[in-house]
Amino acid sequence: MSKNTTQIRAAVAREKGGPFSIETLTLDAPRRDEVLVRVVATGLCHTDMVARDQSYPVPHPIVLGHEGAGIVESVGADVLKVAPGDSVVLTFLTCGRCKPCRLGRMAHCEKTFPLCFGGARLDGSTATLDGQGEKVHDHFFGQSSFATYALANERNVVKVSSDVPLERLGPLGCGIQTGAGAVMNALNVRPGTSFASFGAGAVGYSAIMAARAVGATTIVAIDIVPSRLEMAKELGATHAINSKQTNPVEAIRDITGGGVDYSLETSGNPSVLHQAIEALGSLGTCGIVGAEPLGTEVSFDVNTLMIQGKGIRGILEGESVPDIFIPQLIELNAQGRFPFEKLMKFYSLDQINQAAQDSEKGVTIKPVIRLLAA
Ligand code: CXF
Ligand code: ZN
């Protein structure tokens, strides 16, 4: 029998662009299809900042956080997938009923936006109250895991082996699977081919490590920060281009003898997306994972695209089937073939604003907030 409510410590986004405030809140017990998770650690993703700043319309006040990992505390009556004590990674929530979900392509679930950014369950209900008894929005990506406990759904908990350090695993639920899955699932990068990541951040590095793991033989990193390019080489890039100094399209054409087989735009900058398309060789495909401001349009030469058989495609969450893909990434990591822990720096919950600043300044690639001691 589970308790009716749990007292939690959480980071609350109350003001657009403002700092997170650390508060004690009350969280309801799980509904029939929900899972209460004691959060061990949660990654901080650029999308948390986008939501904090309301660049996407997210209701405030809200508990953000969507790269959580932890231990199942209790489960609702209908939950079969996990049991109390299980180790889980939390990932994006999907409806399970729309066409993309039924095709097993749930990253493009038609209800992604209301489920992940609605600040409530789909029926509009929330489960969190602040110290004054006022409603705090939650269920961000079906988790709101900048908190000592998170309410997830059976659909977005991924059971993982208990012998892997859980505090490293949360970012697999978003940023890491976004980059790795773009390469392994969506673009399906083949051995012996060429790949270019426009942007060397958490997503770009995950893509570069994945490109190496699948056997791409030319791996190009493009960024404007020298230290990031150095790190890209450590992680598997064969070439690094500082696009402040060198035209990346010309450099990529030189390196590859005409253009790259696969490019990935991770920066969210429309002029960089244009370069990522221009850098493609015949039959090449450009994947888009960098979130641009709503309404952004980018032009391309239609005839070149058509005549050379090039493709451009949007990719969310690495087109991952998380229950399958996340354990695969954990195994690749255990074998030393996907060393994502190199991206991480750990912070306490009280340091979350510092973590956000460090991430925005590029000092930290993947901040991870530890919650166990909070
Ligand atoms: C985001 C990526 C940009 C569109 C919305 C979902 N995923 C995770 O951070
Ligand atoms: Zn994210």
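Coordinates for the structure precede this section.
Residues numbered from 1 in each chain as written. Chains lettered and ligands numbered in written order. Predicted model: local features only at pLDDT ≥ 70, side-chain atom pairs only at ≥ 80, totals over all residues. Heavy atoms only, no water.

Observations regarding the overall build of the protein
The secondary structure content of the protein amounts to 11 helices and 18 strands. Reported as C-alpha extents along the three principal axes, the dimensions of the protein are approximately 65 × 40 × 35 Å. Sequence-distant contacts in the protein: of pairs separated by 6 or more residues, those separated by 24 or more amount to 68%. With an accessible surface of roughly 15600 Å², the protein has 50% of that area assigned to carbon and sulfur atoms. Taken together, the 33 basic and 38 acidic charged side chains of the protein have centroids lying 3 Å from each other. (Helix = DSSP H or I, 4+ residues; strand = E, 2+ residues; numbered from the N terminus. Contact = heavy atoms within 4.5 Å. Areas by Shrake-Rupley, 256 points an atom, 1.4 Å probe, with all protein chains shown as cover. Lys, Arg positive; Asp, Glu negative; His and termini not counted. Charge placed at Lys NZ, Arg CZ, Asp CG, Glu CD.)

Structural notes on a nonpolar patch on the surface
Taken together, the side chains of Phe-300, Val-302 and Ile-312 make up a nonpolar region of the molecular surface, amounting to roughly 240 Å² of accessible area. Relative to the helices and strands, Phe-300 resides in the loop between strand 15 (280–288) and helix 9 (302–307). Here Phe-300 falls in the partly exposed class, since its relative accessible area comes to 36%. (Patch = residues over 30% accessible without salt bridge, like charges linked within 9 Å, V, L, I, M, F, W, Y side chains within 5 Å. Salt bridge = Lys/Arg side-chain N within 4 Å of Asp/Glu carboxyl O. Buried < 20%, exposed > 50% of the residue type's maximum accessible area, 1.4 Å probe, protein only.)

Considering the coordination of the zinc ion (ligand 2)
Protein coordination of the zinc ion (ligand 2) is provided by Cys-45 (SG), His-66 (NE2) and Cys-174 (SG), with donor distances spanning 2.0 to 2.3 Å. Each of the four donor atoms around the zinc ion (ligand 2) contributes to a set of angles spanning 94 to 133°, which defines the coordination as tetrahedral. (Donors = N, O, S within 2.8 Å, 3.2 Å for Na, K, Ca; no water. Tetrahedral: all angles 85-135°; square planar, octahedral: opposite > 155°, others 65-115°.)

A look at the pattern of salt bridges
Side chains bearing opposite charge may pair, as long as their charged atoms lie close to each other. All chains considered together, the criterion is met by 14 salt bridges. Notably, a salt bridge pairs Arg-14 with Asp-130, separated by 3.1 Å at the nearest N-O pair. With Arg-14 in the loop between strand 1 (5–13) and strand 2 (20–28) and Asp-130 in the loop between strand 7 (128–129) and strand 8 (135–136), this residue pair connects regions lying 116 residues apart in the sequence. Judged by its relative accessible area of 8%, Asp-130 falls in the buried class. Notably, a salt bridge pairs Arg-52 with Asp-53, separated by 2.8 Å at the nearest N-O pair. For Arg-52, a relative accessible area of 8% gives the class buried. Through salt bridges with shared partners, a single ionic network connects Arg-14, Glu-23 and Asp-130.

With respect to the side chain of Glu-67
Summarising the element assignment, Glu-67 is placed in the loop between strand 4 (62–63) and strand 5 (68–75). Taking the relative accessible area as the measure of exposure, Glu-67 reaches 0% and is therefore buried. One polar contact links Glu-67 to Lys-366, side chain to side chain, over a distance of 2.9 Å. Not counting residues up to four positions away in its chain, the partners in contact with Glu-67 are Ala-41, Thr-42, Gly-43, Leu-44, Cys-45, Gln-143, Ser-145, Gly-170, Pro-171, Cys-174, Gly-175 and Lys-366. (Polar contact = N/O pair within 3.5 Å; in protein donor to acceptor, adjacent residues only side chain to side chain.)

Focus on the packing of helix 4 (residues 175–186) against helix 5 (residues 202–214)
Here helix 4 crosses helix 5 at 40°, and the two axes come no closer than 7 Å. Between helix 4 and helix 5, the crossing angle belongs to the class labelled oblique. Crossing angle aside, the handedness with which helix 4 passes helix 5 is right-handed. Touching Gly-175, Ile-176, Thr-178, Gly-179, Ala-180, Val-183 and Met-184 of helix 4 are Val-203, Ser-206, Ala-207, Ala-210, Ala-211, Ala-213 and Val-214, all from helix 5. (Axes fitted to C-alpha atoms, helices over the stretch in contact; angles between N-to-C directions. Parallel < 35°, antiparallel > 145°, perpendicular 65-115°, else oblique. Left-handed = near helix turned anticlockwise from the far one by under 90°.)

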